[in-house]
There are 2 protein chains.
Amino acid sequence: MTEDMQPSLVVAGARTAGGHTVDIVIAGETIAAVLPAGQGPDDCDRIDASDRIVAPSFVEGHIHLDKTLLGLPFIPHLPGDTVALRIEAEKTLRRTLALPIEERGGRLIEQITAFGTGSLRSHVDIDTEVGLAGLHALLRLKERYWDLVDIQIVAFPQSGVITDPGTAELLDVAIREGADLVGGLDPAGIDQDVTGHLDAIFAIAERHGVGLDIHLHDPGPLGAFELRQIAARTIALGLQGKVAVSHAFALGQIDDFEFGRTAEALAAARVAIMTNGPGPVAMPPVRRLNAAGVTVFAGSDNIRDAWSPYGDGDLLRRAQLVGYRQDFLADASLAHAFAMVTEIPAAVLGIEHYGIAPGKRADLVLLAADTLPEAVAGAPLDRTVIKRGRLVARKGMLMPRD
Amino acid sequence: MTEDMQPSLVVAGARTAGGHTVDIVIAGETIAAVLPAGQGPDDCDRIDASDRIVAPSFVEGHIHLDKTLLGLPFIPHLPGDTVALRIEAEKTLRRTLALPIEERGGRLIEQITAFGTGSLRSHVDIDTEVGLAGLHALLRLKERYWDLVDIQIVAFPQSGVITDPGTAELLDVAIREGADLVGGLDPAGIDQDVTGHLDAIFAIAERHGVGLDIHLHDPGPLGAFELRQIAARTIALGLQGKVAVSHAFALGQIDDFEFGRTAEALAAARVAIMTNGPGPVAMPPVRRLNAAGVTVFAGSDNIRDAWSPYGDGDLLRRAQLVGYRQDFLADASLAHAFAMVTEIPAAVLGIEHYGIAPGKRADLVLLAADTLPEAVAGAPLDRTVIKRGRLVARKGMLMPRD
């Protein structure tokens, strides 16, 4: 501790993932010191964290703050058998909603930050009907909730780029107005033009020097082909480490030859894969991808919206679901599932000062479990959440905010 | 209401799955009347159920009360790549446990009844090492917790019948001593003798006039062949409607021809299928099986035991998981997922007096949701549980018992 860092809060007696029992000394928004338990100062606020696991806050790798229907009475799902039909169903519903994005998205932020999420990447629909209204709402949410969560925004062409002319221009404006990344969607399945779609979105990313996060549901060898196209463009534009592909079901649907060359291409381009542990479809095989050098992180995706009635944004439970789907049973595997909602997305999102060490930001979550693997297996709801050095939630309830 | 049924409790203002708001009048252990809200008597105990969905108690289709490690510190999973290796790992662990089955199983019963489970089917390991000790423990649990849950017991040859000589005789004794059904396990995968295994267990069932519930993990066309063998024996012995197969992953792993003839055989023999919505493997396609006339019900299976660190026995969340895995999105599908943990297993287990109607037993659960589909999608933990006409749990906590 340097002298200009007066301790403001001590998280006392917490167990780390590594099994050490520590006092975490916080000064303002920052971790000032991590000391053996009992050695922290007692002349400042203290949180008793004995019998708790302490971890850095959860990092949400994929959410849609603008889509959620939270705050409204439960709305039955409108069946749509294809992605295109679901897009139309959502647009129809969107025109009738009694609550604006800011209200619904705000509810979702309050819900997930109470679970322990401290940073998130949200996609926001950009199309020629909604224009930039969703982006503007998210920018306001980002400001309104700056004390609870750090928000990264992906300008997401949910209705396609080629099939909805004018969208590319909107994406370009979106980046200028504050979106952090360019999105994309099924170049084949939605836009019917792999080259045209990818050329358009990569051009915008190149122009502004930003990364991309592309939704890809296209299946099997088609999706794998698109993944290799994305990897090649990533290298051509020097965007290694700045591109992610969300879902990429194809990686769970191809033979060894296709998998091998596709994983190799992704690893070479440092393209990361996001999975939400999907229910009805095959998912990217996490351990096989890791072994090939590909980063895989997790996210919630849809949370009670026109796409799905499921989901609550609890990333500890999401880690549990991903682990369950991937047969992660041993402690090391459960810990890896946890990393998929913490340190791995933190690296993908480029979050600085992430972790539990002096100088890192004091974004922490305390979990009622004896070990980290137990926390993943059981997903206990009894949590304490600290954001920017301040206690923000206990037992799933947000504290009053100023 | 007849005059000899004095109302003892009114569940007032509850919404049924069908959307009616009712007063449920209970006399002793029985539902005496279901009246329009406001018409129930007010001179007896009342539970305010306004803003609650009322449903009959959950029915657990598949659990292992003897296997759970609840009550012990979290025990890391011992990896085992095959079913046979996992069986050995479990036996090794079993010899060292500091808590007896009755303590661990009792904890599990208390946990799941607080979630809303009112009846269950538990398998119990029978082998030449453990003998009937597990059965005896479960029989004691059945007596000790008679007021919270109705227990049906399957004598389960976890180590095989042919490969563990003497087990068939133990299964026979188990039925005489109080087990309700004969179990089985992977006739090919474990016993390497489809005919020998099935002959042995069906002979015991025939001798005692009881049903069977057979674990089947064997994959693809092999598992499908075994399913047809089971169906044929079921018809030959007149056991239609009394046989279930648990897991039956094979049904999710075969082509249309194999699926068609296997589903047809199961339907003809009225063999029901139990699924827990497995994580890493294909699962039986619920709607396709239903369309072919096959009953599919749900269960929790392993709950923090040597087989899996996951699971908590919450059947509302299990319905959610099954629905998520099966892409059940629309209200009717979510309601079907709910039926898979209520009325469908109630019929499979042969539970009499099940449901919400005069004369049925007052085994009820109240859920904090506006509609039943919303309850499945969100799995709210705020519940009120009534068993045999008595309030037994609120908000996940059991009431003190006499």
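For the structure itself, look to the data block above.
About the thresholds
- Residues numbered from 1 in each chain as written.
- Chains lettered and ligands numbered in written order.
- Predicted model: local features only at pLDDT ≥ 70, side-chain atom pairs only at ≥ 80, totals over all residues.
- Heavy atoms only, no water.
- Contact = heavy atoms within 4.5 Å.
- Buried area = accessible area lost by both parts, 1.4 Å probe.
- Salt bridge = Lys/Arg side-chain N within 4 Å of Asp/Glu carboxyl O.
- Least-squares fit on C-alpha atoms with pLDDT ≥ 70 in both.
- Helix = DSSP H or I, 4+ residues; strand = E, 2+ residues; numbered from the N terminus.
- Expected span 1.5 Å × (residues − 1).
- Buried < 20%, exposed > 50% of the residue type's maximum accessible area, 1.4 Å probe, protein only.
- Pairing = 2+ DSSP bridges.
- Axes fitted to C-alpha atoms, helices over the stretch in contact; angles between N-to-C directions.

*Asks:* Residues and numbers for the interface of chain B and chain A, please.
*Replies:* The interface of chain B with chain A comprises 36 residues on the first partner and 36 residues on the second. Carbon and sulfur atoms make up 60% of the surface buried where chain B meets chain A, a total of about 2900 Å² over both sides. The largest contributions to the chain B side of the interface with chain A come from Tyr310(B), Tyr324(B) and Leu329(B), which together make up 29% of the buried area. Inspection of the chain B/chain A interface yields 4 salt bridges. Asp327(B) is the salt-bridge partner of Arg86(A), the closest N and O atoms lying 3.8 Å from each other.

*Asks:* Got a sec to walk through the relation of the copies chain B and chain A? Specific residues and values, please.
*Replies:* Least-squares fitting of chain B to chain A yields an RMSD of 0.0 Å, with the transformation described by 0.0 Å of translation along the axis and a rotation of 180°. Both copies of the chain, as the preceding transformation shows, are related through a two-fold rotation axis. Here 100% of the interface residues in chain B have copies in chain A that are interface residues too; the copies meet face to matching face.

*Asks:* Run through helix α5 (residues 194-208) of chain A, naming residues and quoting values.
*Replies:* All names here are of chain A. In this model, α5 (15 residues) spans 22 Å end to end at C-alpha, consistent with the 21 Å of a helix rising 1.5 Å per residue. Within α5, the full set of buried residues consists of Val 194, Gly 196, His 197, Leu 198, Ala 200, Ile 201, Phe 202, Ile 204 and Ala 205. Elements that come into contact with the buried residues of α5 comprise α4 (167-177), β9 (181-185), β10 (211-216), α6 (220-236) and β11 (243-247).

*Asks:* Tell me about the sheet that holds strand β6 (residues 58-63) of chain A, residues and numbers included.
*Replies:* Residue and element names in this part refer to chain A. With parallel pairing, 8 strands are arranged side by side in an open sheet as β6-β7-β8-β9-β10-β11-β12-β13. Each of the sheet's edge strands pairs with one partner strand only, and the pair in question is β6 and β13 (296-298). Sheet twist, expressed as the mean angle between neighbouring strand axes with direction ignored, is 25°. Bridge count between strand β7 (residues 117-125) and strand β8 (residues 150-156): 7 bridges; the pairing is parallel. Of the residues in β8, the one forming a bridge with Asp 125 is Phe 156.

*Asks:* Describe in detail the pairing of β6(A), supporting the description with residues and values.
*Replies:* Taken together, the 4 bridges between β6(A) and β7(A) define a ladder with parallel strand orientation. Paired with Ile63(A) across the two strands is Ser122(A), which belongs to β7(A).

Function-wise, these values are silent; they only describe arrangement.
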